[in-house]
Amino acid sequence: MSLIVKICGLSTEETLDAAIAAGADMIGLNFFPKSPRYVTPARAAELVARVAGRLEVVALTVDMDETAVDELAGIVKPDWLQFHGRESVDYVKAARQRTRRQVMKALPVAEAADLDAAAPYMAVADGLLLDARPPKGAVLPGGNGVPFDWRLLEGFDPDIPWMLSGGLAPGNVAEAVAISGAPGVDVSSGVESAPGRKEPNLIRAFIANARGQTMQRVAS
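Presented here is an overview of the structure given in this document. For every chain, the first residue of the written sequence is number 1, and numbering continues from 1 along that sequence. It should be noted that, the model being predicted, local features are given only for residues of pLDDT at least 70 and side-chain atom pairs only at 80 or more, the latter also being counted only at that level, while totals for whole chains, interfaces and linings use all residues. Hydrogens and water molecules were not included; the side-chain quantities draw on all heavy atoms of the structure.

1. Some points on the overall build of the protein chain
Across its full length, the protein chain carries seven helices and ten strands. Only C-alpha atoms enter the radius of gyration, while the globule expectation follows 2.2 Å times N to the 0.38, with N the number of residues. Whereas a compact globule of 220 residues would reach a radius of gyration of roughly 17 Å, the protein chain reaches 16 Å, a difference of no more than 12%. The principal-axis extent of the C-alpha atoms belonging to the protein chain is close to 45 × 40 × 35 Å. Note on exposure labels: buried denotes an accessible area under 20% of the residue type's maximum, exposed denotes more than 50%, and partly exposed covers the range between, all computed with a 1.4 Å probe on protein chains only. Looking at the protein chain residue by residue over its 220 residues, the buried ones come to 50%. Note on definitions: a residue-residue contact is assigned when non-hydrogen atoms from the two residues lie within 4.5 Å. The contacts in the protein chain between residues at least 6 apart in sequence include a share of 57% that link residues at least 24 apart. Under the scheme used here, helices are H or I runs from DSSP no shorter than 4 residues and strands are E runs no shorter than 2 residues, and both carry numbers assigned from the N terminus.

In structure tokens form, the structure reads like this:
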């Protein structure tokens, strides 16, 4: 199976086009106002119109009010809703039922015990995203450019699809996939020259290196 690659936090036509051309499977649009990658729903709708079904669109929210989630889903019409805060199992289940969108729950990981939190979400979510637990005092729940010990994921085999995130970049994505066995990877700050400023050349390099690792794994 081909590795799923998601480029998150896009906000310009240039970087969106770069992700599409390089073969990304998903792009993420960030609706957390404190993030340097934040886009308004109206701006996001413009970007989604440019996608034209060529890849899947993920709308990232953090502890957003349920009414706002519904409005966002109606305006942007993403394929996925990604919940990156402290959303409960009931919250995720209800959002999936109301919006009729696929949902992905992000979970912070710093030690093996953190993986226990995945089990309750398997019955209500369509996918999981395992991200590094934010450093103490961090404002953002993700996109902090910090990896966790990928060896913690050896043998991790949930009942639903999952992706690896946290501190990934062109230079380490191949190693991350090899160690963790992740079927998908997600990157944001690792393809930026400054917070919120994506670079097409880094997007291309990230996807190429991730795909190269996949080909090596299949061939071995």
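2. So, the packing of aromatic side chains
Aromatic ring pairs are defined here through the distance separating the ring centres and the angle between the ring planes. For Phe, Tyr and Trp, where Trp contributes only its six-membered ring, two rings pair if their centres lie within 6.5 Å, and the inter-plane angle classes them as stacked under 30 degrees, edge-to-face over 60, or tilted in between. Here the structure, examined in full by the defined rule, presents two aromatic pairs. Judged by centre distance (5.2 Å) and plane angle (85°), the rings of Phe-156 and Trp-162 are edge-to-face. Lysine and arginine charges are scored as sitting over a ring when NZ or CZ, respectively, is within 6 Å of the ring centre and within 35 degrees of the ring normal. Residue placement shows Lys-105 over the ring face of Tyr-121; its charged tip is 5.6 Å from the ring centre.

3. A few points about the nonpolar core
The definition of a nonpolar core used throughout is a set of buried Ala, Val, Leu, Ile, Met, Phe, Trp, Tyr and Cys residues joined through side-chain atoms within 4.5 Å. Ile-7, Leu-29, Phe-31, Leu-130, Leu-164, Val-185 and Phe-206 are the most contacted members of the largest nonpolar core, which totals 58 residues. Those residues in contact with Phe-206 that sit more than four places away from it in its chain are Val-5, Ile-7, Leu-168, Ala-169, Pro-170, Val-173, Val-185, Val-187 and Val-191. Ranked by size, the runner-up nonpolar core spans seven residues in total, among them Trp-80, Ala-106, Leu-129 and Met-163.

4. Quick notes on the side chain of Arg-211
Structurally, Arg-211 is set in helix α7 (residues 200–219). A distance of 2.2 Å separates a polar atom in the side chain of Arg-211 from the backbone oxygen of Leu-3. Beyond its immediate sequence surroundings of up to four residues, Arg-211 is in contact with Ser-2, Leu-3, Ile-4, Val-5, Gly-23 and Asp-25. Any pair of N or O atoms that falls within 3.5 Å is considered a polar contact. Within protein, one atom must be able to donate a hydrogen and the other to accept it, and sequence-neighbouring residues count only if both atoms are side-chain atoms.

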